[in-house]
Amino acid sequence: MQTINEGVDINARQPRAALSWTILAESPLLWAALGLLVIVHYALILWGPFGISGGEAQYWLWARHLAWGYYTKSPLIAGILAFSTWVAGNSLLAVRLLAPWFALALAGVAYGFAREVHGDLHSARLAALFMAGIPVYFLGGLVMTTDVPMLLLWLLALWAFWRASVCRQRQAWLLAGAIVGLGLLAKYNMGVLPAAVLLYLLSHGAGRRHLQTVWPWLGVAVALLILAPNLWWNAQHHWATVRATWGNVTGGEGGWSSWWSFLGGQLGILGVFPFLLFVVALWQERRSWPTGRGAILVWTSLITWVFYAQKSFSGQVDANWPIAAYLGLVIWAAGPLSRAPWRRLALASIAVCAVLIGTVLSLPQLHGLGIPLPSKWYVPFKQTRGWRELAAAAQDRLERAQPAFVVTNFYQYSATLSFYLPTHPFVYYHDFSGEPSKCSIHGNQYLLWPGYEHRIGQNALLVLDGEDAPIPKSWIRQFRSCGTPENVNAASAEVTWHRVTMLLCRDYRGPQRSPEPDSVGRYR
């Protein structure tokens, strides 16, 4: 087996340009395969059946209103989409323009990280293949969500933490702090990593000695300095992002059913065979990994995973929340799994994942070819389907009453209609019930943006979630006249993705006071 002894020292002695060329030259088939994967990602983005998701549409809208924070998320995703839409316009390709490159970078960083930890090329190649082939990381190259940049920053920060604690590179603490700060600007979930590293360091004497130096705390200061603009924004907006994130951590109802749902979700996003291989590797190497060279990788992964697993007992945990927990585990497991007889099983598990991914992504095409498939198989794609058809129905009604604006009672309808309507108008959100929005227990970004009070004299299209949705009387009082509510089904491929009620009203007169309490009812 080809090895690289003392990989850290060798890498340090090589010029960066020479090292980059060496990494490319030592695994040309791997990099060719990863380059082909980028092409596959772009082909699926351009010609695949999946439109924009509600979350992506929301981030696209944020990119048009840049700020240092948003109601439920950190600001980095908006900055990324502001750049990509500046390059490629307001299109699905523009929204997802950088996603394939983030996926490629994740595999590339995994390659370099594993090469340095284990000192051999087989481990490095296997780590890169796992990052490219595990379902959730593959899908990260097809969509642009807050998880996509966070995963890359998490892995880079973990590498810096590893160098700081194992290789005793003091400046690596500062680098880790800087990357963690950027990661927190991507998603607050990034905060779990330094917390896990802290627990790991406190658990043994060598780690506690690190904490007795100034360097880790300087790293904390760097992270807070980078996060400071977002904290300032939160302080000016009643700590909206912080409260929303804390609500996700503490809210909900859990129990054993929630835990089993959590476990099933992890098997689905990671792949059953890689999941089992990692468990077996941990068991087989149980005497070496707790204190070995890769101990920090395993312990931070396990601490992160246990954090989300215990959270499932108190409330629902979305399947994507713990996906960063597996990054360190992949880097560590690439070592033992790259050796015989495990290497063939590891490669076979990646091949099985590729077949399953291809099958799942082909379901719409198979259905289009007349192959009978249960409609429930389309459920995983619901978040990306039907929005274009919904916007076409809204546009058809808007053309009868220009100038007009659009109001919905669900933030995903507002964001996706804004994206798919031809002129990309700002589509307003209004909570008619007085209850928190269905998208978050704390509300959504629209609560921080101006309303439609200035659109006096214009017509309006109201889009309400559900068939035969009750029309708020407060809405009707604001217009000279309203038409008859219409039930609209947004359907394609013989599947109804969204059911809404649309109502076109004319001559907006502004908010109207009423002596009686507001209520909702069918308009006749």
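Note that the structure is predicted; figures quoted are calculated from it, not measured.

Some remarks on the overall build of the chain
Turning to step 1, where the next piece is worked out: Looking only at helices and strands, the chain features 23 helices and 8 strands.
Turning to step 2, where the next piece is worked out: With 524 residues in all, the chain has 52% of them scored as buried.
Turning to step 3, where the next piece is worked out: In the chain, of all internal contacts separated by at least 6 residues, the share reaching a separation of at least 24 is 75%.
Turning to step 4, where the next piece is worked out: Of the accessible surface of the chain, which amounts to about 24000 Å², a share of 62% is contributed by carbon and sulfur atoms.

A closer look at the environment of Ala404
Turning to step 1, where the next piece is worked out: For Ala404, the position within the fold is in strand S1 (residues 404-408).
Turning to step 2, where the next piece is worked out: Residue class for Ala404 comes out buried when judged on its relative accessible area of 16%.
Turning to step 3, where the next piece is worked out: Separated by 100 residues in sequence, Ala404 and Leu504 have C-alpha atoms that sit 9.3 Å apart.
Turning to step 4, where the next piece is worked out: Setting aside residues no more than four positions away along its own chain, Ala404 makes contact with Leu398, Arg455, Gln458, Asn459 and Ala460.

Notes on the pairing of S1
Turning to step 1, where the next piece is worked out: Of all 5 residues in S1, 5 are buried, a share of seventy percent or more.
Turning to step 2, where the next piece is worked out: Of the two faces of S1, the one holding Ala404, Val406 and Thr408 and the one holding Phe405 and Val407 are both buried throughout.
Turning to step 3, where the next piece is worked out: Sheet topology places S1 next to strand S3 (residues 459-465); 5 bridges connect them, and they run parallel. When the sheet's bridge partners are listed, Val407 is paired in S3 with Leu462.
Turning to step 4, where the next piece is worked out: Examined bridge by bridge, S1 and strand S2 (residues 428-429) share 2 bridges and lie parallel to one another. Within S2, the position partnered with Thr408 by the bridge is Tyr429.
Turning to step 5, where the next piece is worked out: Each parallel crossover has a hand, and the one from S1 via helix H22 (residues 411-420) to S2 is right-handed.

Regarding the side chain of Ser27
Turning to step 1, where the next piece is worked out: For Ser27, the position within the fold is in the loop between helix H2 (16-26) and helix H3 (28-47).
Turning to step 2, where the next piece is worked out: Relative accessible area serves as the criterion here: at 3%, Ser27 is assigned to the buried category.
Turning to step 3, where the next piece is worked out: At a separation of 2.8 Å, a polar atom in the side chain of Ser27 contacts the side chain of Tyr111.

Description of the state of the cysteines
Turning to step 1, where the next piece is worked out: This structure, assessed with the given rule, holds 1 disulfide.
Turning to step 2, where the next piece is worked out: Shown here is the disulfide that connects Cys482 with Cys505, its sulfur atoms set 2.1 Å apart. As the torsion about the S-S bond is roughly 110 degrees, the Cys482-Cys505 disulfide counts as right-handed. Note that Cys482 is positioned in strand S5 (residues 479-482) and Cys505 in strand S7 (residues 495-508), a separation of 23 residues in sequence.
Turning to step 3, where the next piece is worked out: Among the residues examined, Cys482 registers a relative accessible area of 13% and is labelled buried.
Turning to step 4, where the next piece is worked out: The buried category is assigned to Cys505, whose relative accessible area is 0%.

Notes on a nonpolar patch on the surface
Turning to step 1, where the next piece is worked out: A surface patch of nonpolar side chains, about 550 Å² in accessible area, is lined by Leu198, Leu199, Leu202, Trp217, Val220 and Leu224.
Turning to step 2, where the next piece is worked out: Listed by contribution, the elements that provide at least two residues to the nonpolar patch are helix H12 (192-202) and helix H14 (215-236).
Turning to step 3, where the next piece is worked out: Relative to the helices and strands, Leu198 is located in helix H12.
Turning to step 4, where the next piece is worked out: Note on Leu198: relative accessible area 35%, which makes it partly exposed.

As for the pattern of salt bridges
Turning to step 1, where the next piece is worked out: Tallied over the entire structure, the rule returns 10 salt bridges.
Turning to step 2, where the next piece is worked out: In this structure, Asp396 and Arg400 form a salt bridge, with 3.1 Å as the shortest nitrogen-oxygen distance.
Turning to step 3, where the next piece is worked out: The partly exposed category is assigned to Arg400, whose relative accessible area is 48%.
Turning to step 4, where the next piece is worked out: Of the charged contacts in the structure, one is a salt bridge between Glu486 and Arg397, with a shortest N-O distance of 3.1 Å. Taken together, the residues Glu486 in strand S6 (residues 486-492) and Arg397 in helix H21 (residues 387-398) connect sequence positions 89 residues apart.
Turning to step 5, where the next piece is worked out: Judged by its relative accessible area of 29%, Glu486 is partly exposed.
Turning to step 6, where the next piece is worked out: Residue classification places Arg397 among the buried residues on the basis of a relative accessible area of 11%.
Turning to step 7, where the next piece is worked out: Salt bridges sharing common partners tie together Asp396, Arg397, Arg400 and Glu486.

So, the packing of aromatic side chains
For any pair of aromatic rings, the description rests on two quantities: the centre-to-centre distance and the angle between the ring planes.
Turning to step 1, where the next piece is worked out: On inspection of all chains with the given rule, the structure shows 34 aromatic pairs.
Turning to step 2, where the next piece is worked out: Aromatic side chains Trp259 and Phe313 sit 6.3 Å apart centroid to centroid with 25 degrees between the ring planes, which places their arrangement in the stacked category. Residue Trp259 is located in helix H16 (residues 256-270), and its partner Phe313 is located in helix H18 (residues 295-314); the two are separated by 54 residues in the primary sequence.
Turning to step 3, where the next piece is worked out: By relative accessible area, Phe313 is classed as partly exposed at 36%.
Turning to step 4, where the next piece is worked out: Geometrically, the ring pair formed by Tyr428 and Tyr452 is edge-to-face, given 5.6 Å between the ring centres and 70 degrees between the ring planes. A residue pair is termed long-range when its members are at least 10 positions apart, and Tyr428 in strand S2 and Tyr452 in the loop between S2 and S3 qualify at 24 residues.
Turning to step 5, where the next piece is worked out: Ring pairing ties together the aromatic residues Phe405, Phe426, Tyr428, Tyr429, Phe432, Tyr446, Trp449, Tyr452, Trp475, Phe479 and Tyr508, which thus form one cluster.

So, the side chain of Thr85
Turning to step 1, where the next piece is worked out: For Thr85, the location among the structural elements is in helix H5 (residues 76-88).
Turning to step 2, where the next piece is worked out: Exposure remark for Thr85: the relative accessible area of 15% places this residue in the buried category.
Turning to step 3, where the next piece is worked out: Of the polar contacts made by the side chain of Thr85, one reaches the backbone oxygen of Ala82; its length is 3.3 Å.
Turning to step 4, where the next piece is worked out: Dropping the residues within four chain positions of it, Thr85 is found in contact with Trp60, Asn90 and Ala94.

Definitions and cut-offs
Residues numbered from 1 in each chain as written. Predicted model: local features only at pLDDT ≥ 70, side-chain atom pairs only at ≥ 80, totals over all residues. Heavy atoms only, no water. Helix = DSSP H or I, 4+ residues; strand = E, 2+ residues; numbered from the N terminus. Buried < 20%, exposed > 50% of the residue type's maximum accessible area, 1.4 Å probe, protein only. Contact = heavy atoms within 4.5 Å. Areas by Shrake-Rupley, 256 points an atom, 1.4 Å probe, with all protein chains shown as cover. Pairing = 2+ DSSP bridges. Right-handed = clockwise from strand over helix to strand, strands pointing away. Polar contact = N/O pair within 3.5 Å; in protein donor to acceptor, adjacent residues only side chain to side chain. Disulfide = S-S within 2.5 Å. Patch = residues over 30% accessible without salt bridge, like charges linked within 9 Å, V, L, I, M, F, W, Y side chains within 5 Å. Salt bridge = Lys/Arg side-chain N within 4 Å of Asp/Glu carboxyl O. Phe/Tyr/Trp six-rings, centres within 6.5 Å; stacked < 30°, edge-to-face > 60°.

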